[in-house]
Amino acid sequence: MTSDCLNRQTTEIEVWFNTLVAQLKSDQLQLESNIASPEKKDLYSTLMTGKDEEFAELMREKSTIYFIEKIIVDYLTELKTRSCEPLKLALELSNSQVLVWAEIKDDDEKTEKDLILAEAKVNVKYDKFGFYVSSTIIEESDQLNIPAQYKPILN
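Let me sum up the structure you'll find in this document. All figures in this text were calculated on a predicted structure; none of them were measured in a lab.

Describing the sheet that holds strand 4 (residues 151-154)
Spatially, 4 strands are ordered 3-2-1-4 in an open sheet, and the strand pairing comes out mixed. Either end of the sheet is taken by a strand with one partner, and the two such strands are strand 3 (132-139) and strand 4. Pairwise comparison of adjacent strand axes, ignoring direction, gives a mean angle of 25° for this sheet. Sheet topology places strand 1 (residues 88-93) next to strand 4; 3 bridges connect them, and they run antiparallel. Across the sheet, L91 pairs through a bridge with K151, a residue of strand 4. The sheet contacts of helix 4 (residues 109-126) involve strand 2 (97-104) and strand 3, and relative to strand 3 the element is tilted by about 170°.

Digging into unusual backbone geometry
With the exception of glycine, the majority of residues adopt a negative phi angle, and the majority of peptide bonds are in the trans configuration. Although it is not a glycine, S83 sits at a positive phi angle of roughly 55°. Residue position: S83 is located in the loop between helix 3 (52-81) and strand 1. Unusually for a residue other than glycine, D107 sits at a positive phi of about 60°. Here D107 shows up in the loop between strand 2 and helix 4.

Notes on the packing of helix 3 against helix 4
Between helix 3 and helix 4, the shortest axis-to-axis distance is 9 Å and the interhelical angle comes to 145°. The element helix 3 and its partner helix 4 pack so that their crossing is right-handed. Facing helix 3, whose interface residues are F67, K70, I71, D74, Y75, E78 and L79, helix 4 presents D114, L115, A118, E119, K121, V122, K125 and Y126.

So, the side chain of E119
With respect to the helices and strands, the residue E119 is situated in helix 4. Salt bridges are absent for the buried E119, whose nearest opposite-charge side chain, R82, sits at 11 Å. Of note is the side chain of E119, whose polar atom sits 2.7 Å from the side chain of S135.

Criteria and cut-off values
Sequence order sets the numbering: in each chain, residues are counted from 1 along the sequence as written. Totals for whole chains, interfaces and linings use every residue, but because this is a predicted model, local features are given only for residues with pLDDT of at least 70 and side-chain atom pairs only at 80 or more, for both listing and counting. In computing side-chain properties, one takes all heavy atoms of the structure into account and sets aside hydrogens as well as water. Two strands pair if DSSP finds at least two bridges between them. Comment: elements are numbered from the N terminus, with helices defined as DSSP H or I runs of at least four residues and strands as E runs of at least two. Axis definition: a line fit to C-alpha positions, over the contact stretch in the case of helices; interaxial angles, taken between N-to-C directions, run 0 to 180 degrees. Contacts are assigned to residue pairs with any non-hydrogen atoms lying within 4.5 Å of each other. Crossings are assigned a handedness: left-handed for a near helix turned anticlockwise from the far helix by less than a right angle, right-handed for a clockwise turn. When accessible area is computed with a 1.4 Å probe and restricted to protein chains, residues below 20% of their type maximum are described as buried, those above 50% as exposed, and intermediate ones as partly exposed. We score Asp and Glu as negative and Lys and Arg as positive, and we do not count His or the chain ends. Each reported salt bridge corresponds to a side-chain nitrogen of Lys or Arg within 4 Å of a carboxyl oxygen of Asp or Glu. Nitrogen and oxygen atoms within 3.5 Å of one another constitute a polar contact, given that in protein one can donate a hydrogen and the other can accept it, and given that sequence-neighbouring residues count only through two side-chain atoms.

So, in structure tokens, the structure goes:
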């Protein structure tokens, strides 16, 4: 490695650590003055007790929220990009997946294909993290109501 490369790398590492330390100091002040959010208090309380299982559970919850939110945004963006317009669209969320309930017009092969492709594209991106989309596509003539556990997005 050249000297310039090492200096740049050292600077990037130094900046990253300085930012991390500054954030930790800020969090410390918030905790000491009792103005930290409940989530931040829970995080540091769990870290300070040294209970690995509780910490892992907390991180799993946070990562689930992060990935499920990203999946929903990416899925809806993909549908919009494809100008996909199902008659009804509803979602059900779990710890590792987004279930999609979509109603389309009878014999609307374009919308059906777009829904399937949007699912596939999102699944390719998030499968490596253990998260995915699973769709149920029905036609208008099936005359089925959105199941109660699903949250309507488009109705």
